[in-house]
Amino acid sequence: MPIITMSFDNGPDPDVTPHVLDTLRRHDIRSTFFVLGDKLRDRRALVERAHAEGHWIGNHTYNHLVPLGMSAEADMASGEIARTQELIGELAHERRFFRPLGGGGGGHLDQRLLNDEALRTLVQGRYTCVLWNVVPEDWAYPEGWVERALRLCFEIEHAVIVLHDLPTGAMARLDHFLCAAEDRGAIFQQDFPDACVPVERGRISGPIEPYVATGGAA
Ligand SMILES: [Zn+2]
């Protein structure tokens, strides 16, 4: 009987985020939205609504161009994180959630996630770094992600699933996923398992070396 934690990355999107919020509300499920600073600037009302409905708001970099562990440019990682956090402002959770971009366009958990500067920014800024363990690739399989997600979620005790409130068409199937998971006995929980949180409020709380590039920006 798995626990499932929902999360939505790369938004907000004016055509998709409201639908996702409506669907989650119907199921009485709270999630976390890891937003991009660049989109938040003129779409703040969407994030305010998510926050008002009990969802947590996290930082997912400003423009999501390059996984931070693949950048050797000084001040890039710290700027991506700090700029976005400033825009999130009072909508931030007190644990200051940050989620890095996955490497390789497939949500891979490897040394492409962070560089030394990014890790230092997270520690000094008392951020909580949130990873994941289920990536059904909703962007690549706008229909088929539901079956993939169900299979992956039911293989583990506590799934943290990454979906995207982006106009791929995939979120039209969100209700179907939630109904199917509930029918099979899944329990939805907003908080993350420790295994997906290597940094908690700036304290390194789990193995971090697998996620930090060696020899990148100092
Ligand atoms: Zn992303």
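One structure accompanies this document, and this report is about it.

Scoring rules and cut-offs
- Residues numbered from 1 in each chain as written.
- Predicted model: local features only at pLDDT ≥ 70, side-chain atom pairs only at ≥ 80, totals over all residues.
- Heavy atoms only, no water.
- Helix = DSSP H or I, 4+ residues; strand = E, 2+ residues; numbered from the N terminus.
- Expected span 1.5 Å × (residues − 1).
- Buried < 20%, exposed > 50% of the residue type's maximum accessible area, 1.4 Å probe, protein only.
- Arc of directions from axis to C-beta.
- Contact = heavy atoms within 4.5 Å.
- Phe/Tyr/Trp six-rings, centres within 6.5 Å; stacked < 30°, edge-to-face > 60°.
- Donors = N, O, S within 2.8 Å, 3.2 Å for Na, K, Ca; no water.
- Pairing = 2+ DSSP bridges.

Attention shifts here to helix 4 (residues 76–88). Over its 13 residues, helix 4 runs 18 Å from end to end, which matches the ideal 18 Å to within 8%, given 1.5 Å per residue. Looking only at helix 4, the buried set comprises M76, A77, E80, I81, T84, Q85 and I88. Looking down the long axis of helix 4, one finds its buried residues gathered within 160° of arc, a one-sided arrangement. The secondary structure elements touched by the buried residues of helix 4 are strand 2 (32–35), helix 2 (37–40), helix 3 (44–52), strand 3 (56–59), strand 4 (97–98) and helix 5 (116–124). Just downstream of helix 4 lies G89, where phi reads positive at about 55°.

Summed over all chains, the structure comprises six aromatic pairs. An angle of 25° between the planes, with centres 5.4 Å apart, marks the rings of W56 and F97 as stacked. Of this pair, W56 sits in strand 3 while F97 sits in strand 4, and the two are 41 residues apart along the sequence. Given a relative accessible area of 17%, W56 falls into the buried group.

A few words now on the coordination of the zinc ion. Those donors, N10 (OD1), H60 (NE2) and H64 (NE2), are the protein atoms that reach the zinc ion, and they lie 2.0 to 2.3 Å from it. Positions of the donor residues of the zinc ion, expressed as sequence spacing, correspond to N-x49-H-x3-H. The buried category is assigned to H60, whose relative accessible area is 2%.

Counting buried positions along strand 6 (residues 158–164) yields seven of seven residues, so the element is predominantly enclosed. Burial along strand 6 is two-sided: the residues H158, V160, V162 and H164 and A159, I161 and L163 are all buried. Direction of pairing for strand 1 (residues 3–9) relative to strand 6: parallel, over a ladder of seven bridges. Directly across from S7, in strand 6, lies its bridge partner V162.

Of the positions making up helix 5, those classed as buried are E117, A118, L119, T121 and L122. Buried residues along helix 5 sit against helix 4, strand 4, strand 5 (128–129), strand 8 (199–200) and strand 9 (203–204). Once helix 5 finishes, R126 follows within two positions and takes phi at roughly 55°, a positive value.

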